[in-house]
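# Examination of the molecular architecture
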Amino acid sequence: MRHWPLTELSITTPRLVLRFPSLEDLDELGDRAAEGIHEEGFMPFFVPWSDADPAERARNTIQYQFRTWGAFTAADWSVEFAVVFEGQVVGTQGIMGKDFPVTREVKTGSWLGRRFHGRGIGTEMRRAVLHLAFAGLGARHAVTEAFEDNHPSLAVTRKLGYRDDGIFMHSRKGEPVATHRFRMLREEWTESPGFEIHNLAPCLPLFGLDTP
C-alpha cells in the first residue's frame with residue numbers, strides 16, 4: 001500500500017519473522033488466542049481481554065489490531081507485529097511510542113500462544129523489536145512492565161539486561177497487585193547477530209522521523 005508503507009515493514013531473526021499483519025495473519029492470530037495464551041485463573045494483561053470464551057478471544061484479538069491501525073499517529077503510535085515461527089503465526093509483539101521524536105522512548109508488550117511457550121520465542125521476538133527501536137528508529141530508552149506474578153515475562157526482561165525502574169500498584173479483578181517496570185538505555189543494549197529490519201525507510205515519516 002503506497003499510502004500505508006507499514007504493511008511492508010518486517011524484522012527477521014535467525015528463527016522468526018515479525019511482520020505487519022495481513023488479514024490472513026490476523027485470522028491465524030485469532031486462532032492462537034482461541035487456543036489459549038495462559039493458564040486458567042491467571043491474568044497477565046492489564047485489560048483482561050483474554051478472560052473470555054475462545055470465539056470472543058479471537059474477535060478481541062482482531063478488533064484490537066484494527067484499533068491500533070486506526071489510532072496510529074506520529075504522536076502516539078503502536079505497531080503490533082505478527083510473529084511467524086516455522087511458517088505459522090504464533091503470537092504478537094508490540095512496540096509503542098508517545099511523542100517519540102522528543103522522548104525517544106518505546107514500550108513493548110507481547111503474547112505468545114500457550115503451546116509455543118518454552119522454546120525461547122518470547123525472548124527472540126523481544127530482541128527483534130529492541131533491534132527495531134535502537135538500530136532502526138534511534139530510540140534512547142526502552143521500557144516494559146509486568147505483574148509481579150508474571151514470571152515468564154519477568155524472566156525474559158531480566159535475561160535481556162533491563163534494569164529495575166520502579167514498582168506500581170494496579171487493581172486486577174478488584175484486588176491490588178504490583179507491577180514491576182524495567183528500563184533499558186541505548187548504551188546498555190547489545191545488538192544480536194542475524195537480526196535485520198526490512199522496508200523501514202518509507203515508514204519513518206509515520207513515526208515522525210526524517211532519519212533515525
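Scroll up to find the structure.
The following paragraphs examine the structure supplied in this document. (Residues numbered from 1 in each chain as written. Predicted model: local features only at pLDDT ≥ 70, side-chain atom pairs only at ≥ 80, totals over all residues. Heavy atoms only, no water.)

### Observations concerning the overall build of the protein
The number of helices and strands found in the protein is 5 helices and 9 strands. Compactness check: the protein gives a C-alpha radius of gyration of 16 Å against a globular reference of 17 Å for 212 residues, within 12% of the reference. Projecting the C-alpha coordinates of the protein onto the three principal axes gives extents of approximately 45 × 40 × 30 Å. For the protein, with 212 residues in total, the buried portion stands at 49%. Across the protein, every contact between residues at least 6 apart in sequence was considered, and the portion connecting residues at least 24 apart equals 65%. As presented, the protein carries roughly 10,600 Å² of accessible surface, and 52% of it is formed by carbon and sulfur atoms. In the protein, 24 side chains carry a positive charge and 29 a negative one; their mean positions are 2 Å apart. (Helix = DSSP H or I, 4+ residues; strand = E, 2+ residues; numbered from the N terminus. Rg over C-alpha atoms; globule rule 2.2 N^0.38 Å. Buried < 20%, exposed > 50% of the residue type's maximum accessible area, 1.4 Å probe, protein only. Contact = heavy atoms within 4.5 Å. Areas by Shrake-Rupley, 256 points an atom, 1.4 Å probe, with all protein chains shown as cover. Lys, Arg positive; Asp, Glu negative; His and termini not counted. Charge placed at Lys NZ, Arg CZ, Asp CG, Glu CD.)

### Some thoughts on the pairing of strand S6 (residues 141-147)
With 6 of 7 residues buried, S6 lies mostly within the body of the structure. Where strand S5 (residues 105-112) meets S6, 3 bridges bridge the pair, whose relative direction is parallel. When the bridges of S6 are listed, Glu105 appears paired with His141. Regarding the hand of the β-α-β motif, the stretch spanning S5, helix H4 (residues 121-136) and S6 is right-handed. Pairing analysis gives 7 bridges linking S6 to strand S8 (residues 175-185), with the strands arranged antiparallel. Across the sheet, the residue bridging to Ala142 is Met184, located in S8. (Pairing = 2+ DSSP bridges. Right-handed = clockwise from strand over helix to strand, strands pointing away.)

### Overview of the sheet that holds strand S4 (residues 88-98)
Here we have 9 strands laid out as an open sheet, ordered S7-S8-S6-S5-S4-S3-S2-S1-S9, and mixed in their pairing. Both edges of this open sheet fall to strand S7 (163-172) and strand S9 (196-198), since each of them pairs with a single strand only. For this sheet, the mean inter-axis angle between neighbouring strands, taken without regard to orientation, is 25°. Helix-sheet contacts for helix H2 (residues 54-71) involve strand S3 (76-85), S4 and S5, and the interaxial angle to S3 is about 135°. (Axes fitted to C-alpha atoms, helices over the stretch in contact; angles between N-to-C directions.)

### Remarks on the pattern of salt bridges
Evaluation of the coordinates by the stated rule reveals 11 salt bridges. Two residues, Arg19 and Asp25, come together in a salt bridge whose shortest N-O distance is 2.8 Å. Between Glu145 and Lys107 there is a salt bridge, and its shortest N-O distance comes to 3.9 Å. In this pair, Glu145 sits in strand S6 while Lys107 sits in strand S5, placing the two residues 38 residues apart along the sequence. Lys107 gets classed as partly exposed once you look at its relative accessible area, which sits at 32%. Shared partners join several salt bridges into a network, and the residues in it are Glu28, Arg32, Glu35 and Arg115. (Salt bridge = Lys/Arg side-chain N within 4 Å of Asp/Glu carboxyl O.)

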